[in-house]
Number of protein chains: 2
Amino acid sequence: MTTNRPTGAEPLPVTGAWRPGDPAGRRQFVTMAERRPLALEGGGTLGPITIAYETWGTLASDRSNAVLICHAWTGDSHVSGPAGVGHPTPGWWEGMVGPGLAIDTDRHFVVCANVLGGCQGSTGPASIDPATGAPYGSRFPVVTIRDMVRTHAVLADELGIDTWLSVVGGSMGGMQVLEWAVTFPDRVRSIVPIASCAQATAQQIAWGAVGRRALKLDPRWRGGDYYDAAPGDGPHDGLSTARMLAQITFRSDDVFTDRFGREMADRLPENQPEKFALWQRFEVERYLDYHGEKLVRRFDANSYLLIGKAMDLHDVGRDRGGLEAALARVRCPVLSIGIRSDLLYPKYQQEEIAALVNRQGGVATYVEVDSPHGHDGFLINIDQVGNAITPFLEKVANE
Amino acid sequence: MTTNRPTGAEPLPVTGAWRPGDPAGRRQFVTMAERRPLALEGGGTLGPITIAYETWGTLASDRSNAVLICHAWTGDSHVSGPAGVGHPTPGWWEGMVGPGLAIDTDRHFVVCANVLGGCQGSTGPASIDPATGAPYGSRFPVVTIRDMVRTHAVLADELGIDTWLSVVGGSMGGMQVLEWAVTFPDRVRSIVPIASCAQATAQQIAWGAVGRRALKLDPRWRGGDYYDAAPGDGPHDGLSTARMLAQITFRSDDVFTDRFGREMADRLPENQPEKFALWQRFEVERYLDYHGEKLVRRFDANSYLLIGKAMDLHDVGRDRGGLEAALARVRCPVLSIGIRSDLLYPKYQQEEIAALVNRQGGVATYVEVDSPHGHDGFLINIDQVGNAITPFLEKVANE
């Protein structure tokens, strides 16, 4: 097996739990050996590292049918399937991945892994630091999208996958997709970045930074070392507020108006003379609360901060001579999918990815999803996204 | 003097401090008599109420040249002039108001008053509640844009201004402008709402609500009763964070990219092996910090919450049979100014104001400011806004 690793980076030996024949869609783990910690992009090392992942379908004997799906900020390895042990929520891309679907598990061997820094099985701030026997908390290092991708490349080695038929992902998933193609151009036969960007803009950094600042205001965050808190005594209000902010940027003005308008959610007591109260919620606030609280039940606040920072730091051009030089490394077909109404990753960013790749002699196609739903359109408008992916994968598989 | 007050609302007697001949651009106060408290739109009463205001120019003997300027969220009466006692910041609309400018103080008598609920001289949460002798704090009632406008109508009475030549304002100022025209159609000869809306949308409510939620996370907010805190021990972090969020919505993606890009503001110590740190700031974060801290030095957190809530509650159609019925009351010429790149009050809302007024038989013109600066364009692109206002006021004055 030959792999294309960044210059100077040594292979990371692994001790894996997965073997061919293991059940599909059940979470598996691979642990990278402690004696070879990961050299982080930002300096320093981290180890041992465990990566949680799931697979669907069967790897072909020539190993040509493997598709990697990269998840977004608060996603995890559970692309498809019901909630269960290790999967607090149902699959986040139901309808996209499965038998006969756009990413067809009858034909493809589909892999999705939780990112480094996450909290659904992969090593993150809530993991035990072997140096202290306690959770890392505030001592967990800043990781980058490149670090995440490098750990998943080790997983690919472990699975015997030298080359992915395609690497596909939306939002932060799309960042990983681009890093795959730039870091490991020989290991990808195609990529599909969706509703993402080649580098985070100042406005994207601003949204993220203010959300983190809100989380930090919660005294129960305790500088990141809150893991000994009693149940329910963690930084839930802070995480919830940060998520509420993000949730606005995930959707759109039009859809908020259609769904919520100016409806009031909270009724004041009948015996109260006042018609309004400062904390009385409009329906849209109840919706945001719902999303905030839903996240709190399944996600770690430190992982939220850390992964948010990784997105701000995302820049495929860093230390590579800039965006154009970096994207010149992309040698495979690129399907770049933008969403018309995306507020967070405006469609011009996906257009730019395609334009830059083409300008460097690559082969990129831009497809626009005509969705009113904003950024989350990649999770909602499954038909349109799938209709773009299906023929693209078909063509790549036959090349 | 005849005035046109909403049915059932009694005149509010006043004891005013201002008299003709008082110096221009110096803050004055009018206090409404305690025996007639203001009946709030949301129920309950409030009094006594003091309103701080400033004037520029000379009221004509026929009182036909008075222009009211309505300020935005964290604005105050100080439209123009240097910082000084009672004016912690220079005028917020310098270049727009003055001799020979678009709102020409050689020809017009210009008035701007701090809003009810504010903290620059008008009664607000930091004012002393006569019932307790302590600041209102959490006991200050929710006020609406209509309440603000009604107190300014009393000020107009006190100044002897039966009819404004024009009422002009951007953002929350534009909300007051519309309320003036709908509540007191006989008291306005023209209106100029800028970068504003006839009713707050779900997305606008969402931005505001999340900012307030962030402020509330600050333990030093103490439920709103923090006025006995030691200097520097108020809810500064919370207010600053809320303001940072708002500041993103006041500007634009393009301008953030041009100004800040991905520049890093904080350098890590040379002797530190790590290249990145979780709280290391990009330049855009330093900019947001700057704006947050700047506001903290001059603004009260409770006023910020209260006025934000008033904007969420803004709906000229409430209890008036809806938007169309309300805007049918507008009998004066309307100059509705939108900003091309406005993220917070998208230009379609200003187009809608003009369209609705025209559909009801009114006379409205929509003018678009071709600015890349986003919502704050009404404060930045003075030339374009002024070029629209000058001929409009000229025409109204000659009618």
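Residues numbered from 1 in each chain as written. Chains lettered and ligands numbered in written order. Predicted model: local features only at pLDDT ≥ 70, side-chain atom pairs only at ≥ 80, totals over all residues. Heavy atoms only, no water.

## What about the relation of the copies chain B and chain A?
Right, so step 1: Overlaying chain B on chain A yields an RMSD of 0.0 Å, the required transformation being a rotation through 180° with an accompanying axial translation of 0.0 Å. Here the copies are linked by what is in effect a two-fold axis.
Right, so step 2: Same-surface contact between copies: 100% of interface residues of chain B are shared with the interface of chain A. (Least-squares fit on C-alpha atoms with pLDDT ≥ 70 in both. Contact = heavy atoms within 4.5 Å.)

## Looking at the pattern of salt bridges
Right, so step 1: Within the structure shown, the criterion is met by 44 salt bridges over all chains.
Right, so step 2: A salt bridge links Asp 228 of chain B to Arg 222 of chain B; the shortest N-O distance between them is 2.7 Å.
Right, so step 3: The exposure class assigned to Asp 228 of chain B is exposed, which follows from its relative accessible area of 62%.
Right, so step 4: The partly exposed category is assigned to Arg 222 of chain B, whose relative accessible area is 40%.
Right, so step 5: When salt bridges with common partners are traced through the structure, they connect Glu 41, Arg 146, Glu 179, Arg 318 and Arg 320 of chain A into a single cluster. (Salt bridge = Lys/Arg side-chain N within 4 Å of Asp/Glu carboxyl O. Buried < 20%, exposed > 50% of the residue type's maximum accessible area, 1.4 Å probe, protein only.)

## As for the packing of helix H3 (residues 202-217) of chain A against helix H7 (residues 301-313) of chain A
Residues and elements named next belong to chain A.
Right, so step 1: Two elements in contact, H3 and H7, have axes whose closest approach is 9 Å; the angle formed by their N-to-C orientations is 160°. With respect to H7, the element H3 is oriented roughly antiparallel. Between H3 and H7 the crossing geometry is left-handed. Across the interface between the two elements, Gln 204, Ile 205, Ala 209, Arg 212 and Leu 215 from H3 touch Ala 301, Tyr 304, Leu 305, Gly 308, Lys 309 and Asp 312 from H7.
Right, so step 2: By residue class, the composition of the contact of H3 with H7 is 6 nonpolar, 2 polar and 3 charged. (Axes fitted to C-alpha atoms, helices over the stretch in contact; angles between N-to-C directions. Helix = DSSP H or I, 4+ residues; strand = E, 2+ residues; numbered from the N terminus. Parallel < 35°, antiparallel > 145°, perpendicular 65-115°, else oblique. Left-handed = near helix turned anticlockwise from the far one by under 90°. Nonpolar A, V, L, I, M, F, W, Y, C, P; charged D, E, K, R; others polar.)

## Brief notes about helix H4 (residues 236-250) of chain A
Right, so step 1: Helix length check: H4 of chain A, at 15 residues, gives a terminal C-alpha distance of 20 Å against a target of 21 Å (1.5 Å per residue), a fit within 8%.
Right, so step 2: Extensive coverage of H4 of chain A is indicated by the burial of 13 of its 15 residues. (Expected span 1.5 Å × (residues − 1).)

## Here we look at unusual backbone geometry
Right, so step 1: With an omega of -5°, the peptide bond running from Gly 47 of chain A to Pro 48 of chain A counts as cis.
Right, so step 2: Mapped onto the elements, Pro 48 of chain A comes out in the loop between strand S4 (45-46) and strand S5 (49-56).
Right, so step 3: The phi torsion at Asp 319 of chain A lies on the positive side, around 55°, for a residue other than glycine.
Right, so step 4: Residue placement: Asp 319 of chain A occurs in the loop between H7 and helix H8 (323-327).
Right, so step 5: Of note, Arg 222 of chain B is a non-glycine position whose phi angle comes to about 50°, a positive value.
Right, so step 6: Examined against the element boundaries, Arg 222 of chain B turns out to sit in the loop between helix H3 (202-217) and helix H4 (236-250).

## Some points on the pairing of strand S6 (residues 66-70) of chain A
Residue and element names in this part refer to chain A.
Right, so step 1: Burial of S6 is extensive: 5 of the 5 residues sit out of reach of the surface.
Right, so step 2: What you see with S6 is no split at all: Ala 66, Leu 68 and Cys 70 on one side and Val 67 and Ile 69 on the other are buried throughout.
Right, so step 3: With 4 bridges connecting them, S6 and strand S9 (residues 109-113) associate as parallel partners. What sits directly across from Ile 69, in S9, is Cys 112.
Right, so step 4: Here 4 bridges tie S6 to strand S12 (residues 166-170), and the two strands are oriented parallel to one another. Residue pairing in the sheet places Cys 70 in a bridge with Gly 169 of S12. (Pairing = 2+ DSSP bridges.)

## Re the interface of chain B and chain A
Right, so step 1: The interface of chain B with chain A comprises 64 residues on the first partner and 64 residues on the second.
Right, so step 2: For the pairing of chain B and chain A, the buried interface totals around 5,400 Å² over both sides, and the portion due to carbon and sulfur atoms is 68%.
Right, so step 3: The interface formed by chain B and chain A contains 6 salt bridges.
Right, so step 4: With its nearest N and O atoms 3.6 Å apart, the salt bridge here joins Arg 262 of chain B to Asp 315 of chain A.
Right, so step 5: Elements supplying a minimum of two residues to the side of chain B that touches chain A: H3, H4, helix H5 (253-259), helix H6 (283-296) and helix H7 (301-313) of chain B.
Right, so step 6: Residues that form the side of chain B that touches chain A fall into these classes: 32 nonpolar, 14 polar and 18 charged. (Buried area = accessible area lost by both parts, 1.4 Å probe.)

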